[in-house]
Each structure stands twice: as structure tokens, then as C-alpha cells.
Amino acid sequence: VDAEEAQALLERSVALKSGGAEPRRTPPLLGRSLGLVFEKPSLRTRVSFEAAFARLGGSSIFLRGKDVGIGVRESVADFARVISQYVDALAVRTFAHATIEELARHASIPVVNALSDDAHPCQAMADMMTILEFKDRLEGVKLCFVGDGNNVARSLAVASALLGVEFVLACPRGYDFPKAFAVRFAEHFPGVPLRSSNDPAEAADGADAVYTDVWASMGQESEADHRREIFAPYQVDEKLMARARPDALFLHCLPAHRGEEVASGVLDGPQSRVIPQAANRMYFQMALLERLVRGSNAE
Ligand code: CP
Ligand code: NVA
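Report on the accompanying structure. (Residues numbered from 1 in each chain as written. Chains lettered and ligands numbered in written order. Predicted model: local features only at pLDDT ≥ 70, side-chain atom pairs only at ≥ 80, totals over all residues. Heavy atoms only, no water.)

**Remarks on the environment of A203**
Here's step 1: Structurally, the position occupied by A203 is in helix α9 (residues 200–204).
Here's step 2: When its relative accessible area of 4% is taken as the criterion, A203 is described as buried.
Here's step 3: Sequence-wise, A203 and L254 are 51 residues apart; in three dimensions their C-alpha atoms are separated by 22 Å.
Here's step 4: Those residues in contact with A203 that lie beyond four places of it in its chain are K142, C144, V168, A170 and S197. (Helix = DSSP H or I, 4+ residues; strand = E, 2+ residues; numbered from the N terminus. Buried < 20%, exposed > 50% of the residue type's maximum accessible area, 1.4 Å probe, protein only. Contact = heavy atoms within 4.5 Å.)

As C-alpha cells, this is what we get:
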């Protein structure tokens, strides 16, 4: 997506949430179906996709990664060509990002990234919607991500660059954005700095929103103990929040680990917007699916 499309999707998401886009006589995606293939666990992504598609009038088919064995039971290309015969769009959660790209190359239907080891774009766009909802603007807003330069951090950096948000990552040495990501970012967004720091307090200075995520992502369970030590100085607690603006939002994609990446007092405190943030996943994905899947009943 380009900046204009991203902006249009956000406007549509906000309209859908406020109810301003309803009512419609016929649901736009009546009779359509969405396939979901998840190689990793999920609450928010799976349910918000299914709920979004149901609200648009369609139905979903959930496939556990192990059951279909993409690239194991059969080739990625065969899977993509066959599933394209049954459903109108596919949301995929994988380990290797390359699997999603390969699926998209061979499928004749839209393929949506529902999280890979490299990116979580629907999360980041819903997060932009949340910032817009509570700050009334995106341009010039300062967003500080404290933690691992992971899938969520990378997608937030990209969404921020698209929408004029000033993004900064605060991470321990060795957990910064990977080189290949930084190179692609610079190609896509010439002139937009990809900022990172090893000092969380300095990075959080004057931020409008402070964001964190788990220290060990799905698939990194064996590193969890080691990461708990390395990331300990990067917990978002009341002291770190005090470095941000007094009206700063606290955001977390969830699931959260209280007492690790975030203190309970912050996650459950007055600045936290994590529940509306989770809710917005559904509205953004409604806007996205409505755009990707042309319903024959679209008004
Ligand atoms: N934030 C998010 O993607 O949550 P799930 O892993 O539960 O889908
Ligand atoms: N970085 C986390 C996000 C979970 C929604 C993970 O990949 O496990």
C-alpha cells in the first residue's frame, strides 16, 4: 500500500467503528469466504478476522498450520492454487515470511499477512487507527517502541513512515532492526530516518505514545530466559512513562507479560489503551477485507 491507500483504509476503519458507514441493506460480502491458515497460536488476529468477515456478511474457514502442512504435505504453490478455488481471500500466520510471499505469488486470491517472523502489518495499521482515535492526528506524533526490533516493531516503523508518525525504537544492543530490513526501509522511504537507540529514557522523551511487545516472540521460546536478563532495563514502568508526555498513550499488541516488558501499573493504568487497540484490529480488517474482496452485493 502507498500512503494514500493507507490513509483511505484508516478513514474507512474509523467510519466503520463509529457506525457512520451503516446500515447497508445487503451485507457486502454475503456468500464470500475467508480462509485462515495459522502456524502459530492467536486470539486477537484469528477472532478479529473471523468477526470482521462475519460482520461483512461472509464466513470463515480456519485451518491449523499442522493440518494442512504448507510446504510439507504438499508444495506451497499447489496449496495456493487449490485454496484459491474455494475461498475469496486468505489470511496467513507463518514463521517464515517467504512462505506468505510464495503463497501470494501462486494464489489467485488476495493473501493477507496475519503475522510472520518479519512483519505484522494489520496490527500496525490498527495501531495507527488507535493513535488517530486518541490523538486526533498522526502527522508529527511521536511513537516510541521499547523492546525487541521484532515483527511488530518493524511493521510499526513502516506504517509510521507511510503516515507521517515519528518512530523511534529503544532496544538492547544486538536486538535492533536487522540490516536487510534497514536497507529495504531506506529504499522505500528515502529521507525518512529509521531511528533507534539503546537508551529507553532518552527515546521516550516527549513521546505521544509508548509501545512495547513481548521480549521473546512466538518461535523464540528457547531464548526467553536469556532475553529476560538482557531486556530487564527495557521494562515500560511508571518511571519510563514519566519521560513521555503527560497525556501519552501506552500501547501493547498483546498478549502481555506483566512484570516483564510492562509493569502491571502501566498496562492496567489510566494511560493504557490496549483494549480499544485490540478492538481496532477488527475495524481495520473490515476496511481491508471490504477493499480486497469485491462482493457481488457491494453497494
Ligand atoms: N496482537 C496479536 O496479534 O494477538 P494474537 O497473537 O492473539 O493474534
Ligand atoms: N512479537 C510477537 C507478537 C505477537 C502478537 C510474536 O511474534 O510473538
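**Some words on the site of ligand 2**
Here's step 1: Around ligand 2 sit L115, N150, N151, V152, D213, V214, S217, M218 and L254, and that is every residue in its neighbourhood.
Here's step 2: In this structure, M218 approaches ligand 2 through a main-chain N or O atom, which is 2.8 Å from an oxygen atom.
Here's step 3: One can see that ligand 2 is located within the second largest pocket.
Here's step 4: In terms of residue class, the shell around ligand 2 is made up of five nonpolar, three polar and one charged. (Near = heavy atom within 4 Å. Polar contact = N/O pair within 3.5 Å; in protein donor to acceptor, adjacent residues only side chain to side chain. 1 Å grid on protein atoms, 1.4 Å probe; cavity = no way out; pocket = protein on both sides within 12 Å on 5 of 7 lines; lining within 4 Å. Sits in = over half its atoms within 2 Å of the grid points. Nonpolar A, V, L, I, M, F, W, Y, C, P; charged D, E, K, R; others polar.)

**Focus on the sheet that holds strand β1 (residues 33–38)**
Here's step 1: Spatially, four strands are ordered β2-β1-β3-β4 in an open sheet, and the strand pairing comes out parallel. The open sheet has two edge strands, β2 (59–64) and β4 (111–113), and neither has a second partner. This sheet shows a mean twist of 20° between the axes of neighbouring strands, independent of strand direction.
Here's step 2: By the bridge criterion, six bridges tie β1 to β2 in an arrangement that is parallel. For L34, the partnering residue across the bridge sits in β2 and is S60.
Here's step 3: Sheet strands in contact with helix α5 (residues 97–106) are β3 (89–93) and β4, and its direction is about 165° off that of β4. (Pairing = 2+ DSSP bridges. Axes fitted to C-alpha atoms, helices over the stretch in contact; angles between N-to-C directions.)

**Structural notes on helix α1 (residues 3–18)**
Here's step 1: Across its 16 residues, α1 extends 23 Å between first and last C-alpha, which sits within 8% of the 22 Å expected from 1.5 Å per residue.
Here's step 2: The set of residues buried in α1 consists of A6, L9, L10, S13 and L16. Taken around the axis of α1, the buried residues stretch over an arc of 125°, which confines them to a single face. Pointing more than 90 degrees away from the buried face of α1 are the exposed residues E4, E11 and S18. (Expected span 1.5 Å × (residues − 1). Arc of directions from axis to C-beta.)

**Examining the packing of aromatic side chains**
Here's step 1: Going through the model one piece at a time under the given rule, you end up with nine aromatic pairs.
Here's step 2: Here F177 and F181 contribute two aromatic rings whose centre-to-centre distance is 5.2 Å and whose plane-to-plane angle is 35°, an arrangement assigned as tilted.
Here's step 3: An angle of 50° between the planes, with centres 5.0 Å apart, marks the rings of F185 and F189 as tilted. Taken as a pair, F185 and F189 share a single burial class, namely buried.
Here's step 4: Put simply, the rings of F167, F177, F181, F185 and F189 touch in pairs and so form one group of aromatic residues.
Here's step 5: Against the face of F62 rests R46, its NZ or CZ located 3.5 Å from the ring centre.
Here's step 6: Sitting over the face of the ring of F134, R273 holds its NZ or CZ atom 4.8 Å from the ring centroid. (Phe/Tyr/Trp six-rings, centres within 6.5 Å; stacked < 30°, edge-to-face > 60°. Lys NZ or Arg CZ within 6 Å of the ring centre and 35° of its normal.)

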